[in-house]
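Next come the chains, spelled out residue by residue.
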Amino acid sequence: MARSDKLQATSEQVEHIDVPLQNGGTKTQEENPDPNYEYELLVWPARAGWIRKTAWIMTWPIHLIFMCTIPDCEKPRFKNWFPITFLMCIIWIGSLSYVVAWMITIIGDTLKIPDSVMGITFLAAGTSVPEAVSSVIVAKQGHGSMGISNSIGSNTFDILLCLGLPWLIKSSFSPTQPGKHYISINSGGLEYSAISLLSTLMLLYIAFASNKFQLDRKVGRACLCMYAVFLILASLIELNVFFRVNLPTCQRTVK
(Lines give C-alpha, C1' and ligand atoms only; values in the text may rest on other atoms or scores of the structure.)
Protein backbone atom coordinates (compact mmCIF):
# COMPACT_ATOMS: atom_id res chain seq x y z
CA MET A 1 0.00 0.00 0.00
CA ALA A 2 1.33 3.42 -0.90
CA ARG A 3 2.09 5.98 1.79
CA SER A 4 -0.73 8.28 0.66
CA ASP A 5 -3.18 5.39 0.95
CA LYS A 6 -1.96 4.71 4.48
CA LEU A 7 -2.45 8.31 5.47
CA GLN A 8 -5.91 8.34 3.93
CA ALA A 9 -6.86 5.13 5.70
CA THR A 10 -5.59 6.50 8.99
CA SER A 11 -7.52 9.74 8.56
CA GLU A 12 -10.68 7.80 7.80
CA GLN A 13 -10.32 5.90 11.07
CA VAL A 14 -10.40 9.08 13.16
CA GLU A 15 -13.35 8.99 15.50
CA HIS A 16 -15.15 11.77 17.30
CA ILE A 17 -15.59 11.54 21.04
CA ASP A 18 -17.49 13.68 23.50
CA VAL A 19 -15.38 15.01 26.38
CA PRO A 20 -17.44 15.94 29.47
CA LEU A 21 -17.00 19.49 30.69
CA GLN A 22 -17.24 20.84 34.22
CA ASN A 23 -20.40 22.81 33.46
CA GLY A 24 -22.25 19.66 32.47
CA GLY A 25 -21.87 20.01 28.70
CA THR A 26 -19.71 18.10 26.28
CA LYS A 27 -17.05 18.98 23.76
CA THR A 28 -16.46 17.00 20.60
CA GLN A 29 -12.87 16.03 19.93
CA GLU A 30 -11.13 13.84 17.42
CA GLU A 31 -9.44 10.72 18.66
CA ASN A 32 -6.76 8.91 16.74
CA PRO A 33 -7.09 5.21 17.57
CA ASP A 34 -3.68 4.38 16.13
CA PRO A 35 -1.42 3.85 19.17
CA ASN A 36 1.67 3.29 17.02
CA TYR A 37 1.88 6.90 15.83
CA GLU A 38 5.35 8.32 16.40
CA TYR A 39 7.61 11.07 15.18
CA GLU A 40 8.92 9.88 11.82
CA LEU A 41 12.63 10.58 11.71
CA LEU A 42 13.17 9.46 8.13
CA VAL A 43 10.21 11.23 6.51
CA TRP A 44 10.86 14.74 5.24
CA PRO A 45 7.79 17.03 5.62
CA ALA A 46 7.77 18.08 1.98
CA ARG A 47 4.29 19.65 2.02
CA ALA A 48 4.83 21.58 5.24
CA GLY A 49 5.78 25.23 5.50
CA TRP A 50 9.28 26.52 6.06
CA ILE A 51 8.67 27.00 9.78
CA ARG A 52 7.77 23.36 10.27
CA LYS A 53 10.66 22.24 8.09
CA THR A 54 13.08 24.34 10.12
CA ALA A 55 11.66 22.93 13.34
CA TRP A 56 11.96 19.40 11.93
CA ILE A 57 15.64 19.94 11.15
CA MET A 58 16.42 21.52 14.51
CA THR A 59 14.60 18.89 16.57
CA TRP A 60 15.72 15.86 14.54
CA PRO A 61 18.85 15.15 16.65
CA ILE A 62 16.84 15.53 19.85
CA HIS A 63 14.17 13.08 18.69
CA LEU A 64 16.86 10.65 17.58
CA ILE A 65 18.62 10.71 20.96
CA PHE A 66 15.37 10.36 22.88
CA MET A 67 14.21 7.51 20.66
CA CYS A 68 17.47 5.63 21.26
CA THR A 69 17.61 6.19 25.02
CA ILE A 70 13.96 6.22 26.17
CA PRO A 71 11.90 3.07 25.53
CA ASP A 72 8.45 3.75 24.09
CA CYS A 73 6.00 2.02 26.43
CA GLU A 74 3.19 2.34 23.89
CA LYS A 75 4.87 -0.30 21.76
CA PRO A 76 3.97 -3.89 22.72
CA ARG A 77 7.57 -5.02 23.08
CA PHE A 78 8.34 -2.21 25.55
CA LYS A 79 5.10 -2.25 27.54
CA ASN A 80 6.87 -3.67 30.63
CA TRP A 81 9.78 -1.26 30.40
CA PHE A 82 7.95 1.65 32.05
CA PRO A 83 10.33 1.81 35.07
CA ILE A 84 13.27 2.30 32.70
CA THR A 85 11.30 4.88 30.72
CA PHE A 86 10.46 6.78 33.89
CA LEU A 87 14.06 6.62 35.10
CA MET A 88 15.45 7.81 31.76
CA CYS A 89 12.99 10.70 31.68
CA ILE A 90 14.16 11.79 35.13
CA ILE A 91 17.80 11.53 34.05
CA TRP A 92 17.19 13.58 30.91
CA ILE A 93 15.17 16.22 32.76
CA GLY A 94 17.87 16.56 35.41
CA SER A 95 20.67 16.71 32.85
CA LEU A 96 18.96 19.26 30.64
CA SER A 97 17.99 21.36 33.67
CA TYR A 98 21.63 21.44 34.75
CA VAL A 99 22.75 22.49 31.27
CA VAL A 100 20.09 25.21 31.07
CA ALA A 101 21.00 26.57 34.52
CA TRP A 102 24.69 26.54 33.60
CA MET A 103 24.07 28.37 30.33
CA ILE A 104 21.86 30.95 32.02
CA THR A 105 24.56 31.54 34.65
CA ILE A 106 27.25 32.01 32.00
CA ILE A 107 25.08 34.41 29.98
CA GLY A 108 24.21 36.43 33.07
CA ASP A 109 27.83 36.58 34.16
CA THR A 110 28.90 37.70 30.69
CA LEU A 111 26.26 40.44 30.54
CA LYS A 112 26.88 41.36 34.22
CA ILE A 113 23.33 40.47 35.22
CA PRO A 114 22.83 39.04 38.73
CA ASP A 115 21.92 35.37 39.03
CA SER A 116 18.71 36.26 40.84
CA VAL A 117 17.50 38.34 37.89
CA MET A 118 18.33 35.59 35.41
CA GLY A 119 16.51 33.10 37.61
CA ILE A 120 13.39 35.26 37.91
CA THR A 121 13.20 35.93 34.18
CA PHE A 122 14.75 33.46 31.74
CA LEU A 123 15.25 30.39 33.93
CA ALA A 124 11.78 30.61 35.47
CA ALA A 125 10.13 31.06 32.08
CA GLY A 126 12.09 28.21 30.49
CA THR A 127 11.36 25.69 33.22
CA SER A 128 7.68 26.64 33.38
CA VAL A 129 6.92 26.06 29.69
CA PRO A 130 6.00 22.34 30.17
CA GLU A 131 3.65 23.26 33.01
CA ALA A 132 2.04 25.96 30.89
CA VAL A 133 1.55 23.55 27.99
CA SER A 134 -0.04 20.90 30.20
CA SER A 135 -2.33 23.49 31.80
CA VAL A 136 -3.44 24.74 28.39
CA ILE A 137 -4.17 21.18 27.24
CA VAL A 138 -6.36 20.31 30.21
CA ALA A 139 -8.06 23.72 30.06
CA LYS A 140 -9.00 23.14 26.42
CA GLN A 141 -10.50 19.82 27.46
CA GLY A 142 -12.79 21.66 29.86
CA HIS A 143 -10.91 20.93 33.09
CA GLY A 144 -10.02 24.45 34.17
CA SER A 145 -9.65 23.57 37.84
CA MET A 146 -7.10 20.91 36.93
CA GLY A 147 -5.00 23.49 35.10
CA ILE A 148 -5.10 25.89 38.05
CA SER A 149 -4.29 23.09 40.49
CA ASN A 150 -1.40 22.01 38.28
CA SER A 151 0.11 25.50 38.30
CA ILE A 152 -0.27 26.03 42.04
CA GLY A 153 0.74 22.48 42.94
CA SER A 154 3.83 22.51 40.74
CA ASN A 155 5.05 25.78 42.26
CA THR A 156 4.43 24.44 45.76
CA PHE A 157 6.40 21.32 44.83
CA ASP A 158 9.24 23.45 43.44
CA ILE A 159 9.46 25.65 46.53
CA LEU A 160 9.09 23.06 49.27
CA LEU A 161 10.69 19.94 47.81
CA CYS A 162 12.92 21.00 44.92
CA LEU A 163 14.53 23.66 47.13
CA GLY A 164 14.20 22.03 50.52
CA LEU A 165 15.64 18.63 49.61
CA PRO A 166 18.88 19.91 47.97
CA TRP A 167 19.40 22.35 50.83
CA LEU A 168 18.92 19.52 53.34
CA ILE A 169 21.42 17.28 51.55
CA LYS A 170 23.96 20.07 51.04
CA SER A 171 23.81 21.42 54.59
CA SER A 172 23.78 17.97 56.20
CA PHE A 173 26.42 16.08 54.26
CA SER A 174 28.50 18.67 52.40
CA PRO A 175 28.60 22.05 54.17
CA THR A 176 30.47 24.89 52.53
CA GLN A 177 32.56 25.39 55.65
CA PRO A 178 33.19 22.74 58.32
CA GLY A 179 30.81 23.12 61.23
CA LYS A 180 28.48 25.54 59.42
CA HIS A 181 25.51 23.46 58.35
CA TYR A 182 23.61 26.10 56.44
CA ILE A 183 23.49 27.70 53.00
CA SER A 184 23.76 31.44 52.51
CA ILE A 185 21.46 32.96 49.90
CA ASN A 186 23.17 35.68 47.90
CA SER A 187 20.12 37.87 47.39
CA GLY A 188 19.19 40.74 49.65
CA GLY A 189 15.98 41.31 47.72
CA LEU A 190 14.55 37.86 48.30
CA GLU A 191 12.12 39.06 50.97
CA TYR A 192 10.76 41.70 48.60
CA SER A 193 10.30 39.11 45.87
CA ALA A 194 8.53 36.82 48.35
CA ILE A 195 6.20 39.64 49.40
CA SER A 196 5.48 40.39 45.75
CA LEU A 197 4.73 36.71 45.12
CA LEU A 198 2.31 36.53 48.04
CA SER A 199 0.63 39.71 46.85
CA THR A 200 0.30 38.20 43.39
CA LEU A 201 -1.42 35.12 44.81
CA MET A 202 -3.88 37.31 46.70
CA LEU A 203 -4.61 39.35 43.58
CA LEU A 204 -5.07 36.12 41.62
CA TYR A 205 -7.69 34.90 44.08
CA ILE A 206 -9.41 38.30 43.96
CA ALA A 207 -9.49 38.11 40.16
CA PHE A 208 -11.04 34.63 40.31
CA ALA A 209 -13.61 35.68 42.91
CA SER A 210 -14.59 38.86 41.07
CA ASN A 211 -15.16 36.84 37.90
CA LYS A 212 -17.24 34.21 39.75
CA PHE A 213 -14.45 31.63 39.38
CA GLN A 214 -14.83 31.46 35.62
CA LEU A 215 -11.76 31.43 33.40
CA ASP A 216 -12.10 33.78 30.44
CA ARG A 217 -10.15 36.49 28.65
CA LYS A 218 -10.51 38.95 31.50
CA VAL A 219 -8.78 36.59 33.91
CA GLY A 220 -6.10 35.90 31.30
CA ARG A 221 -5.40 39.61 30.82
CA ALA A 222 -5.31 40.14 34.57
CA CYS A 223 -2.80 37.31 35.00
CA LEU A 224 -0.57 38.67 32.23
CA CYS A 225 -0.64 42.16 33.74
CA MET A 226 0.17 40.84 37.22
CA TYR A 227 3.07 38.79 35.87
CA ALA A 228 4.47 41.76 33.97
CA VAL A 229 4.26 43.99 37.05
CA PHE A 230 5.85 41.33 39.26
CA LEU A 231 8.63 40.70 36.76
CA ILE A 232 9.45 44.39 36.40
CA LEU A 233 9.39 45.13 40.13
CA ALA A 234 11.40 42.04 41.09
CA SER A 235 14.03 42.71 38.42
CA LEU A 236 14.37 46.37 39.39
CA ILE A 237 14.75 45.44 43.05
CA GLU A 238 17.41 42.84 42.28
CA LEU A 239 19.26 45.37 40.09
CA ASN A 240 19.46 47.87 43.01
CA VAL A 241 17.34 50.44 41.19
CA PHE A 242 15.26 51.50 44.21
CA PHE A 243 17.76 50.71 46.97
CA ARG A 244 20.83 48.55 47.42
CA VAL A 245 19.96 44.95 48.14
CA ASN A 246 22.75 43.10 46.29
CA LEU A 247 26.46 43.63 46.02
CA PRO A 248 27.65 44.99 42.66
CA THR A 249 28.99 42.53 40.12
CA CYS A 250 32.72 41.98 40.42
CA GLN A 251 34.84 43.56 37.72
CA ARG A 252 37.38 41.37 35.96
CA THR A 253 40.90 42.49 35.26
CA VAL A 254 42.58 41.16 32.15
CA LYS A 255 46.22 40.27 32.68
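Values in this document were obtained by computation on a predicted structure and should not be read as measured data.

1. Looking at the overall build of the protein chain
Then, number 1: Along its length, the protein chain carries eight helices and two strands.
Then, number 2: N-terminal to C-terminal, the α/β element order of the protein chain is α-β-β-α-α-α-α-α-α-α.
Then, number 3: Across the 255 residues of the protein chain, 16% fall into the buried class.
Then, number 4: Put simply, of all contacts in the protein chain between residues at least 6 apart along the chain, 41% involve residues at least 24 apart.

2. Side note on a nonpolar patch on the surface
Then, number 1: A cluster of nonpolar side chains, namely Ile 159, Leu 160, Leu 163, Trp 167, Ile 183, Ile 185, Leu 190, Leu 197, Leu 198 and Leu 201, defines an oily patch on the protein surface of about 930 Å² accessible area.
Then, number 2: Secondary structure elements with two or more residues in the nonpolar patch: helix 5 (144-162) and helix 7 (190-210).
Then, number 3: With four residues, helix 7 is the single largest residue contributor to the nonpolar patch.
Then, number 4: Counting through the fold element by element, Leu 190 comes out in helix 7.
Then, number 5: You can call Leu 190 partly exposed: its relative accessible area is 41%.

3. Structural notes on the UniProt feature "transmembrane region" (unreviewed entry) in the protein chain
Then, number 1: Here the UniProt feature "transmembrane region" (unreviewed entry) sits at residues 84-105, 117-139, 151-169, 189-210 and 222-243.
Then, number 2: Across residues 117-139 one finds 100% helix and 0% strand; the C-alpha atoms that close the span lie 30 Å apart.
Then, number 3: Helix makes up 95% of residues 151-169 and strand 0%, whereas the separation of the span's terminal C-alpha atoms amounts to 26 Å.

4. Remarks on the packing of helix 5 against helix 6 (residues 164-173)
Then, number 1: For the pair helix 5 and helix 6, the least separation of the axes is 4 Å and the interaxial angle reads 5°. What the angle tells us is that helix 5 and helix 6 run roughly parallel. Contacts from Ile 159, Leu 160, Leu 161 and Cys 162 in helix 5 reach Gly 164, Leu 165 and Pro 166 in helix 6.
Then, number 2: Grouping the amino acids of the contact of helix 5 with helix 6 by side-chain chemistry returns six nonpolar, one polar and no charged.

5. Quick word on helix 2 (residues 50-69)
Then, number 1: Helix length check: helix 2 (20 residues) gives 29 Å between terminal C-alpha atoms against 28 Å at 1.5 Å per residue, within 8%.
Then, number 2: The largest bend in helix 2 comes to about 45°, at Thr 59, with the proline Pro 61 one to four residues further on.

6. Examining the state of the cysteines
Then, number 1: Considering all chains together, one arrives at zero disulfides under this definition.
Then, number 2: No disulfide involves Cys 223; its nearest neighbouring cysteine sulfur is the one of Cys 225, lying 9.3 Å away.
Then, number 3: With a relative accessible area of 29%, Cys 223 lands in the partly exposed category.

7. As for unusual backbone geometry
Then, number 1: Positive phi outside glycine occurs at Lys 112, with the angle close to 60°.
Then, number 2: Secondary-structure assignment places Lys 112 in the loop between helix 3 (82-110) and helix 4 (115-140).

8. Looking at the side chain of Asn 211
Then, number 1: Residue position: Asn 211 is located in the loop between helix 7 and helix 8 (217-238).
Then, number 2: Engagement of the side chain of Asn 211 in a polar contact is seen with the side chain of Lys 218, the distance being 3.4 Å.
Then, number 3: Those residues within four positions of Asn 211 in sequence are excluded, and the remaining contacts are Asp 216, Lys 218 and Val 219.

9. Considering the packing of helix 4 against helix 8
Then, number 1: Their axes nearest at 9 Å, the elements helix 4 and helix 8 cross at an angle of 170°. In terms of axis orientation, helix 4 runs roughly antiparallel to helix 8. Every residue of helix 8 that contacts helix 4 at Ser 116, Val 117, Ile 120 and Thr 121 is listed here: Phe 230, Leu 231, Ala 234, Ser 235 and Glu 238.

10. Notes on the packing of aromatic side chains
Describing an aromatic ring pair means giving the distance of the ring centres and the angle of the ring planes.
Then, number 1: Using the criterion set out here, one finds four aromatic pairs in the structure.
Then, number 2: Note on Phe 78 and Trp 81: the rings are 5.1 Å apart at their centroids and 65° apart in plane angle, and the pair reads as edge-to-face.
Then, number 3: Arranged with centres 5.9 Å apart and planes meeting at 65°, the rings of Tyr 205 and Phe 213 form a pair that is edge-to-face. Comparing Tyr 205 with Phe 213 shows no difference in burial state: the two are exposed.

Definitions and cut-offs
- Residues numbered from 1 in each chain as written.
- Predicted model: local features only at pLDDT ≥ 70, side-chain atom pairs only at ≥ 80, totals over all residues.
- Heavy atoms only, no water.
- Helix = DSSP H or I, 4+ residues; strand = E, 2+ residues; numbered from the N terminus.
- Buried < 20%, exposed > 50% of the residue type's maximum accessible area, 1.4 Å probe, protein only.
- Contact = heavy atoms within 4.5 Å.
- Patch = residues over 30% accessible without salt bridge, like charges linked within 9 Å, V, L, I, M, F, W, Y side chains within 5 Å.
- Areas by Shrake-Rupley, 256 points an atom, 1.4 Å probe, with all protein chains shown as cover.
- Salt bridge = Lys/Arg side-chain N within 4 Å of Asp/Glu carboxyl O.
- UniProt positions renumbered as here; feature names shortened; annotations may be inferred.
- Axes fitted to C-alpha atoms, helices over the stretch in contact; angles between N-to-C directions.
- Parallel < 35°, antiparallel > 145°, perpendicular 65-115°, else oblique.
- Nonpolar A, V, L, I, M, F, W, Y, C, P; charged D, E, K, R; others polar.
- Expected span 1.5 Å × (residues − 1).
- Bend = angle between axes of the 7 residues up to and from the residue.
- Disulfide = S-S within 2.5 Å.
- Polar contact = N/O pair within 3.5 Å; in protein donor to acceptor, adjacent residues only side chain to side chain.
- Phe/Tyr/Trp six-rings, centres within 6.5 Å; stacked < 30°, edge-to-face > 60°.

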